[in-house]
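Structural overview for review
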Amino acid sequence: MHKPSDGIPSSKRHSLLTGILLWFCLLPGAIGVLAQTESGTAQVVITSLNQKTGVRTTETGELQVNVSPKDAQTIKKRGWVRYSDFGTRADGKTDDMAAIAGAHAFANQQGLPVKADKGATYYIGGKERTAVVRTDTDFGTAAFIIDDTDVQNRNASVFLVSSSLQPFPVQGITSLKRNQEKIDAVLPGPCLITVTNANVKRYIRFGLNQNNGAAQTDIFMVDKTGRVDMNAPIIWDFDQITAISALPIDEKPLTITGGRFTTIANQAESKYTYYNRNIAVKRSNVVVDGLEHRITGEGDHGAPYGGFLNISDCAYVTVRNTILTGHKTYSTIGAAGKPVSMGSYDISANRALNVSFINCRQTNDINDRTYWGILGSNYCKNMLYDGCVFSRFDAHMGVANATIRNSTLGHMGINAIGSGTLTVENSTIRGNTLVNLRSDYGSTWQGEFVIRNCVFVPAGGRPTTASLIGGSYSGQHDFGYIAYMPERILIENLRIDDTNHPENYQGPAIFANFNPQMIDDSYKEQFPYVITKEVILKNVTTTSGKPLRISDNAYMFRHVKVRSE
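Residues numbered from 1 in each chain as written. Predicted model: local features only at pLDDT ≥ 70, side-chain atom pairs only at ≥ 80, totals over all residues. Heavy atoms only, no water.

Structural notes on the state of the cysteines
- Scanning all chains against the criterion turns up 0 disulfides.
- Of all cysteine sulfurs, the one in Cys 388 lies closest to Cys 360, which takes part in no disulfide; the gap is 4.7 Å.
- You can see Cys 454 has no disulfide; the closest cysteine sulfur is in Cys 388, sitting 14 Å from it.
- Residue class for Cys 454 comes out buried when judged on its relative accessible area of 3%. (Disulfide = S-S within 2.5 Å. Buried < 20%, exposed > 50% of the residue type's maximum accessible area, 1.4 Å probe, protein only.)

Examining helix H2 (residues 69-78)
- Where H2 is concerned, the buried positions are Pro 69, Ala 72 and Ile 75. All buried residues of H2 fall inside an arc of 125 degrees around its axis, so they share one side. With respect to the buried face of H2, the exposed residues turned more than 90 degrees away are Lys 70 and Lys 77.
- Gly 79 lies just past H2 and shows a positive phi near 105 degrees. (Helix = DSSP H or I, 4+ residues; strand = E, 2+ residues; numbered from the N terminus. Arc of directions from axis to C-beta.)

Thoughts on the packing of aromatic side chains
- Applying the stated criterion across every chain, the model contains 28 aromatic pairs.
- For the pair Phe 479 and Tyr 481, a centre-to-centre distance of 6.3 Å together with 20 degrees between the ring planes defines the contact as stacked.
- Among the aromatic residues, ring-to-ring pairing joins Tyr 203, Trp 236, Tyr 379, Tyr 441, Tyr 473, Phe 479, Tyr 481, Phe 511, Phe 514, Tyr 529 and Phe 557 into one connected group.
- Residue placement shows Lys 115 over the ring face of Trp 80; its charged tip is 4.0 Å from the ring centre.
- Positioned above the aromatic ring of Tyr 555 is the side chain of Arg 558, whose terminal nitrogen or guanidinium carbon lies 3.9 Å from the ring centre. (Phe/Tyr/Trp six-rings, centres within 6.5 Å; stacked < 30°, edge-to-face > 60°. Lys NZ or Arg CZ within 6 Å of the ring centre and 35° of its normal.)

With respect to the pattern of salt bridges
- Tallying each qualifying case throughout the model produces 24 salt bridges.
- One salt bridge connects Arg 82 with Asp 85, and the closest N-O pair in it is separated by 3.6 Å.
- The class of Asp 85 is buried, set by a relative accessible area of 16%.
- Note that Arg 351 and Asp 313 form a salt bridge whose closest N and O atoms lie 3.0 Å from each other. (Salt bridge = Lys/Arg side-chain N within 4 Å of Asp/Glu carboxyl O.)

Right under this line is the structure:
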């Protein structure tokens, strides 16, 4: 194949040709065609014919968008795109999704922001269509009704915040080490590296949702010289690599503001058929500000949700001043053949770094146990709650470093496994334990806990025997890794509100009884647990007046050094 000899890289040549074509398409009276596709979305074809501006969908699902030359010039002169430019009815009844998707497609090509029309109510029906968002978008005070009662594709996002940058394979790297500081690669700029070893299984789940684990994977950030950001380090040894790719990080922030979204809940069977009719964020350097999401129409059954805000394969995402809603809990038959409650989320984060939730809350009561915890996450690093009022914080398949501060957490509290430092400051926790180490993944945390200036209300004030650190570990299941308890736990200025307690209450325990069968050295763990070495207590008080004790299982924690200061 003949290669151009002009010295212009192919990626820049493509951008240059695209720009020339767009310029031609928007000349008055010109006729042009430009197509765009996005992974997981249908093709969009944009023309600039001397015809009415509008959108239509073909039988194959292709979205055809025409922008008259006159309208194109008007929009460009104005400086932003409105949904009404593309024919939205905004009456809350007519499906406006095609016009919304067309507006974003044109805005993406022109590099223009998008603004919803003031006072509009957009109805989004069940047809499969995703609006790809690559420019700043202001939903303002507009309302969006997302009807999930009859959906063509439950996995098709309504909005996909994405990058024009594309991932590419990284050559020549055959292994990695935990905490490695540099990889042997020269990159075009800062990149997210995703690496997998399909021959090793981690997170082999135990319990009612048991499974055979997931391929060892990691995501981390490097600069153009391959130097790893050690604030989000490599957490596994990779003796072999079956896939490794780099995704360039967008340097310019993209903002999503406002919007009043209401989901009409699905009426599907209560099975693990997750609905993802959501706003998916798959671009780095994104701010979501002032969004609201509510849910209506939940009945006595329904399929679970995978997160109205679904953040994945990206870094530096901030959600602030946002109102979300917990989903009703439904049950099904789990992998172990027994009834199990299904997790259903309004926020999810997967393979994402530096994700922050600031001044966010949920519409329903954080202590109402009929609603599932609002967050679920996997493979994330450096997660933050600051000033949030949520039913829970949760990390399923590991989090590396997490901070909760100035927040109140409800009935599901803090649930986590992972590594690094878990910091909880200036917060009120109303879960069954102060921190619960998830037993289905081995109750493991390889690192330390730092808890300062907090209030713990065990079980939300219901009568209970209080424990600060919860979890369970039999030592008879292989989770695909060595299971650790935090090596060091610092608890400073903690008030335990244990006013309501059973008659035989002996006072709060630092550790729950992780293994009631381990009462002497006759019990043998096939997969030994690495127990906490040190607990430092500074000004820990109880409302009951009962002193803090080590555990109901004093034998299991006999070697833990507890130091009061």
